[in-house]
Amino acid sequence: MTSYAVSDTSVMITRCLRRSLRDPEAFFTALMLPVVLMLLFVYIFGGDLNTGGKYVNYVVPGLIVLCAGFGAGTTAVVVATDMSSGIVDRFRSMPIHASSVLAGHIVASLARNLLATALVIAAGLGVGWRPTASPLRWLAAVAMIVAFILAMSWLAAAFGLLVRSPEAATSATFALMFIPYLSTAFVPSRTLPAVLRPIAANQPFTPIIETMRGLWMGRTSTGAPVGHEALLAGVYCAVILVVAFAAASWLYSRRTAA
Amino acid sequence: MTYTVHVQGLRKSFGGGTGAKVVLDGVDLAVETGSIFALLGPNGAGKTTLVRILATLIRPDAGTAKVAGRDLLADPLGVRRSISLTGQYAAVDDMLTGDENLRMMARLLHLRPREAAGRSAELLAEFGLADAGDRRVKTYSGGMRRRLDLAISMIAVPQLLFLDEPTSGLDPRSREQLWGTVRKLADEGVTVLLTTQYLAEADVLADRIALLDHGRIVAEGSADELKSSLRGEVVRLQFTDPADYKRALREVDALRADERLRTVEVGTDGSAASVYRLLGQLQAAGAPAARVSVERPSLDDVFLSLTENLTSANTGDNRHEQNASAR
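Residues numbered from 1 in each chain as written. Chains lettered and ligands numbered in written order. Predicted model: local features only at pLDDT ≥ 70, side-chain atom pairs only at ≥ 80, totals over all residues.

**Student:** Quick question: what am I supposed to make of the overall build of chain A here?
**Tutor:** The helix and strand inventory of chain A stands at 10 helices and 0 strands. Secondary structure elements of chain A occur, N-terminal to C-terminal, as α-α-α-α-α-α-α-α-α-α. Relative to its length of 258 residues, chain A is compact, with a C-alpha radius of gyration of 19 Å against a globular reference of 18 Å. Over its C-alpha atoms, taken along the principal directions, chain A stretches across nearly 60 × 35 × 35 Å. Across the 258 residues of chain A, 45% fall into the buried class. Long-range contacts, defined here as pairs at least 24 residues apart, represent 81% of the contacts in chain A between residues at least 6 apart. (Helix = DSSP H or I, 4+ residues; strand = E, 2+ residues; numbered from the N terminus. Rg over C-alpha atoms; globule rule 2.2 N^0.38 Å. Buried ≥ 20, exposed ≤ 12 C-beta atoms within 10 Å, placed from the backbone. Contact = placed C-beta atoms within 7 Å.)

Printed below as a string of structure tokens:
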């Protein structure tokens, strides 16, 4: 059976990608969101924000994280919807590799989110974002994004499996789109009210955002060296990834429709 | 005689502690190879749970089961290779086309891409879906979805096909069509285990029928055996005058009576002489019947009488005792 793991998984990836492309409303929203948010933050909010330099140079990593949060919410809903349909029972009663069904969802989620990230970057460059990073630092930033999205995708899949109903899974979108506001995504933590400062300084999204910011712009908004933030971000992503992967696999093996 | 399914003492409860709900309470079952076997029962009887256990989706709490000669618990993978499951809601992907569904499943059964495409085209034609193959399943009618579901099950002809309530929600014509398809599959040697709450469906399709109620098999046999186990035919008499109805009730030994419809049912051997005698007796008593019909018992009667008996025999403490002694 193991010899078919690759072929089973590629069938499932094809299935999930097809399904993503055939949901035109969700697909359109996911593609519009990065562009709209970019214009909103840079031209409407950004006028009066003092972040040292042009606001677009500050906000790109925050928008990437925000869009990834939205994308993870979509993944949670997609997984919950799929699990409540009869086809998953059929898959489970077939001699196929157990992890392939989830792997299909994760790869599709990764593809959707990387496309959204590419749009954020393109929109940013379009409105005057000028990162100073070397190609090597660019590569490191992309690696950070991939690790983050992968961890978020597994977390979203586990959440979708846990709550079972697509309606409940929607709440993941809300939570994941809210948490970035309590980080250094849109404003430096020193401008936040005193009560929120420790939250922003110590939550996982901040080092992930600061790593990207440090790599692209040469300095972080927290003043910490980028290496320090990157280490912290790597640990956070690894922990989320391992825990979410284990939870999702366990929930999938246990779950039954109905 | 060989059996494709052989189940002994299967038990399953959901939830733990004192709130545990017993869904299967010691089920024994044997399904002969090549036959169509119907599990008949009301909602909540445990039909779907039994199918899900036999399809390796959930594990039983106790009992043994062999499916296609393989032990369910020791060799679930072997079981999965010999079965095909169609769920209560057609197990197909709505967002894909019929052709894509078939190819995907064929690839998962490890056919090469070219073989998968060929098999898909064959099955679409065979199941009357050739024109709809490139349409998304979302646009299919209920009958078409079920046919696609069955077509998927036939990619690699399974030894055992589970059909969980295959015709629920279908119109009468689609139901007839689906019955025809199921019969054709059985003729090709596939053993079929179907669940249904439609007695007519079991009557028409199944070689053998098991009645499942409260997690136990309460009767098993062919449709004819079950019907004749109940009672003979009945004469159904209808009266226009309520007074006649009351007089008739006093005069004859009624099996059933309905005051609103003013009908009385009396047991009979079905012979003309006995019906003639009955009518004469009522005429003489001054309670002439307005309409007469002779009816054979239906599976509905068998089912209702068996489930009624069970409820009336097992009320109160008696029920607990019976369950306790069964354990």
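**Student:** Before we go on, may I ask you to explain the pairing of strand β3 (residues 36-40) of chain B in this structure?
**Tutor:** A regular strand places its side chains so that they alternate between the two faces of the sheet. All names here are of chain B. Along β3, 5 of the 5 residues are buried, which leaves the element largely enclosed by surrounding structure. Burial along β3 is two-sided: the residues I36, A38 and L40 and F37 and L39 are all buried. Bridge count for β3 against strand β8 (residues 191-196) is 5 bridges, and the pairing is parallel. Within the sheet, the bridge partner assigned to A38 lies in β8 and is L194. Bridge count for β3 against strand β9 (residues 208-213) is 4 bridges, and the pairing is parallel. (Pairing = 2+ DSSP bridges.)

**Student:** What should I look at first to understand helix α10 (residues 226-254) of chain A in this one?
**Tutor:** Note that an α-helix has 3.6 residues per turn; residues three or four places apart therefore point the same way. Residues and elements named next belong to chain A. For α10, spanning 29 residues, the distance from its first C-alpha to its last is 41 Å, which sits close to the expected 42 Å at 1.5 Å a residue. Inspection of α10 places V226, E229, A230, A233, C237, A244 and A248 among the buried residues, and these make up the whole buried set. Along its buried surface, α10 packs onto α5 (100-126), α6 (135-163) and α9 (205-217). (Expected span 1.5 Å × (residues − 1).)

**Student:** What is the right way to read the domain arrangement of chain B from this model?
**Tutor:** Where interface size is given, it is often the accessible area lost as the parts come together that is meant. The domain boundaries assigned to chain B delineate domain 1 (3-89 + 159-228) and domain 2 (233-295). Taking the mean C-alpha position of each, domain 1 of chain B and domain 2 of chain B sit 41 Å from one another. (Domains from an automatic or database assignment.)

**Student:** Looking at this structure, how should I read the confidence of the model for chain B?
**Tutor:** Close inspection of predicted coordinates is inappropriate in any region flagged by low pLDDT. Residues and elements named next belong to chain B. In the predicted model, chain B carries a mean pLDDT of 85, and the fraction of residues at 70 or more is 91%. Mean pLDDT across the secondary structure elements of chain B bottoms out at helix α12 (residues 316-326), with 36, and peaks at helix α3 (residues 98-108), with 95. Ignoring residues within four places in sequence, the model shows residues 312-327, a span with pLDDT below 50, making 3 contacts including any to other chains. Predicted complex, confidence summary: ipTM 0.85, pTM 0.78. (pLDDT = per-residue confidence, 0-100.)

**Student:** Looking at this structure, I do not really get the pairing of strand β11 (residues 233-238) of chain B. What am I missing?
**Tutor:** By the bridge criterion, 6 bridges tie β11 of chain B to strand β13 (residues 263-268) of chain B in an arrangement that is antiparallel. When the sheet's bridge partners are listed, V234 of chain B is paired in β13 of chain B with G267 of chain B.

**Student:** Help me understand the nonpolar core in this model?
**Tutor:** Grouped burial of nonpolar side chains is what soluble globular proteins tend to show. Counting residues in each nonpolar core, the largest one holds 149 residues, and the members touching the most others are V120 of chain A together with A38, L40, A151 and V192 of chain B. In terms of residue count, the dominant contributor to this core is helix α3 (residues 55-83) of chain A (19 residues). Once residues lying within four places of it in the same chain are set aside, the contact partners of A38 of chain B are L194, T196, A202, L205, A206 and I209 of chain B. L237, A248, V252 and L282 of chain B belong to the second-largest nonpolar core, a separate cluster that totals 12 residues. (Core = buried A, V, L, I, M, F, W, Y, C linked by C-beta atoms within 7 Å.)

**Student:** Looking at this structure, I do not really get the sheet that holds β3 of chain B. What am I missing?
**Tutor:** In a beta sheet, neighbouring strands are held together by backbone hydrogen bonds and run either parallel or antiparallel to one another. Residues and elements named next belong to chain B. Ordered by their spatial adjacency, 6 strands build an open sheet running β6-β7-β8-β3-β9-β10, and the pairing between neighbours is mixed. In the strand order of this sheet, the two ends are held by β6 (83-86) and β10 (216-221), each with one partner. The average undirected angle you get between the axes of adjacent strands in this sheet is 15°. Summarising the sheet, strand β7 (residues 160-164) and β8 pair through 5 bridges and their orientation is parallel. Its bridge partner lying in β8, L163 is registered against L194. (Axes fitted to C-alpha atoms, helices over the stretch in contact; angles between N-to-C directions.)

**Student:** Before we go on, may I ask you to explain the sheet that holds strand β12 (residues 254-258) of chain B in this structure?
**Tutor:** Residue and element names in this part refer to chain B. In space, the 4 strands of this open sheet follow the order β12-β13-β11-β14, with antiparallel pairing throughout. Bordering the open sheet on either side are β12 and β14 (291-295), each of which pairs with just one other strand. Sheet twist, expressed as the average angle between the axes of neighbouring strands with direction ignored, equals 20°. Against the sheet, helix α10 (residues 272-284) engages β11, β13 and β14, with an angle of about 140° to β13.

**Student:** Help me understand the packing of α3 of chain A against α5 of chain A in this model?
**Tutor:** Two packed helices can be described by the angle between their axes and the distance between those axes. Residues and elements named next belong to chain A. Packing of α3 against α5 leaves a shortest axis separation of 9 Å and a crossing angle of 155°. Accordingly, the angle class assigned to the pair α3 and α5 is roughly antiparallel. Regarding α3 and α5, the two cross each other, and that crossing is right-handed. Together, V56, V60, L63, I64, C67, A68, G71, T74, T75, V78 and V79 of α3 and H105, S109, R112, N113, A116, T117, V120 and G124 of α5 make up the contact between the two elements. (Parallel < 35°, antiparallel > 145°, perpendicular 65-115°, else oblique. Left-handed = near helix turned anticlockwise from the far one by under 90°.)

**Student:** Sorry, what's going on with the interface of chain A and chain B here?
**Tutor:** Taken together, the contact pairs 18 residues of chain A with 23 residues of chain B. Among the elements that take part in the side of chain A that touches chain B, helix α1 (residues 5-21) of chain A stands out by supplying 6 residues, more than any other. Taken together, the residues of the side of chain A that touches chain B sort by class into 6 nonpolar, 4 polar and 8 charged. (Nonpolar A, V, L, I, M, F, W, Y, C, P; charged D, E, K, R; others polar.)

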